[in-house]
Amino acid sequence: MSAVISVKNVTKRFREVTALDNVSVEFEAGKIHGVIGRNGSGKSVLFKCITGFMRPDSGEIFVNGAPVKPLRPAEIGIIIEHPGFISNLSGYTNLRYLAGIRRKISKEKIRETLRFVGLDPDEKKAVRKYSMGMRQRLGIAQAIMEDPPILIIDEPMNGLDKHGVSEVRELLKKLRDKGTTVLIASHFAGDIDELCDTVIEMEAGRMTRIL
């Protein structure tokens, strides 16, 4: 199967710190790929370069064969920072407002997506009253509601209890079964051992192992 994401000799520096050091890697379509490493290993910077939010100093990145252009993200669902929601509104209302920006999907599509991630679209509870697991599922709903072929999530299990971790794992497996390519970053190898088809280990901006 051909690579849906190709990273070729990518380097990114911040003054004297090299966040990515000549990184080359390919990610196949329809799989869950884990990127593990300690905080500061370069995982988040790699993801931001793949999405086009950050420009490499050198090297190239291709998504579906097309070069990623700075500040023009490819069709990728992204959860790199904690999603920002209006805390006094329901999950459905938050997604409806966000969907209204691009006007690509219907209200029924929003409801369908909420049901897919295990949330009730008719729930009136404000987001501020959501559990951490519910917030994470709402964030995933936001990222996938326009059916992007690729989903990138940075530290999806942070702050979740065992039940929340189990819920998010099952949700990501469902996305893979639908054909979505999923990239996950974590600094806990145990979080993604069960989940990922491939695992890449990073340290100090370099890839150290591919499993």
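Everything discussed here concerns the structure shown above.
What counts, and where the lines are drawn
- Residues numbered from 1 in each chain as written.
- Predicted model: local features only at pLDDT ≥ 70, side-chain atom pairs only at ≥ 80, totals over all residues.
- Heavy atoms only, no water.
- Pairing = 2+ DSSP bridges.
- Helix = DSSP H or I, 4+ residues; strand = E, 2+ residues; numbered from the N terminus.
- Contact = heavy atoms within 4.5 Å.
- Axes fitted to C-alpha atoms, helices over the stretch in contact; angles between N-to-C directions.
- Buried < 20%, exposed > 50% of the residue type's maximum accessible area, 1.4 Å probe, protein only.
- Core = buried A, V, L, I, M, F, W, Y, C linked by side-chain atoms within 4.5 Å.

Before going further, it helps to spend a moment on the sheet that holds strand β4 (residues 58–63). Pairing in this open sheet of 4 strands is antiparallel, and the strands run β2-β1-β4-β5 from one edge to the other. For this open sheet the edge positions go to β2 (17–28) and β5 (66–67), each flanked by a neighbour on one side alone. By the bridge criterion, 8 bridges tie strand β1 (residues 3–14) to β2 in an arrangement that is antiparallel. Bridge assignment links Ile5 to a residue of β2, and that residue is Phe27. Its contacts with the sheet put helix α1 (residues 43–51) on β1, β2 and β4, and the angle it makes with β2 is roughly 60 degrees.

If you trace the 6 strands from one edge of the open sheet to the other, you get β6-β7-β8-β3-β9-β10, paired in mixed fashion. Either end of the sheet is taken by a strand with one partner, and the two such strands are β6 (76–79) and β10 (206–210). Neighbour-to-neighbour, the strand axes of the sheet open up by a mean angle of 20 degrees, direction not taken into account. In the sheet, strand β3 (residues 32–36) pairs with strand β9 (residues 198–203) via 4 bridges, with the strands oriented parallel. By the bridge assignment, Ile36 is partnered in β9 with Glu201.

The phi dihedral of Asn9 falls on the positive side, at around 55 degrees, and the residue is not glycine. Considering the arrangement of structural elements, one finds Asn9 in strand β1. Residue classification places Asn9 among the partly exposed residues on the basis of a relative accessible area of 43%. For Glu155, which is not a glycine, the phi torsion comes out positive at approximately 55 degrees. For Glu155, the location among the structural elements is in the loop between β7 (150–154) and α5 (162–177).

With that settled, consider the nonpolar core. Leu95, Leu114, Leu138, Ile140, Leu151, Leu172 and Ile184 are the most contacted members of the largest nonpolar core, which has 35 residues in total. Those elements giving two or more residues to this core turn out to be β3, α2 (91–102), α3 (107–116), α4 (132–144), β7, α5 and β8 (181–186). Here this core takes 6 residues from α4, the largest share from any one element. If we ignore the near neighbours within four places in the chain, the residues touching Ile140 are Ile79, Val117, Ile153, Val168, Leu171 and Leu175. Val45, Val63, Ile150 and Ile200 belong to the second largest nonpolar core, which has 27 residues in total.

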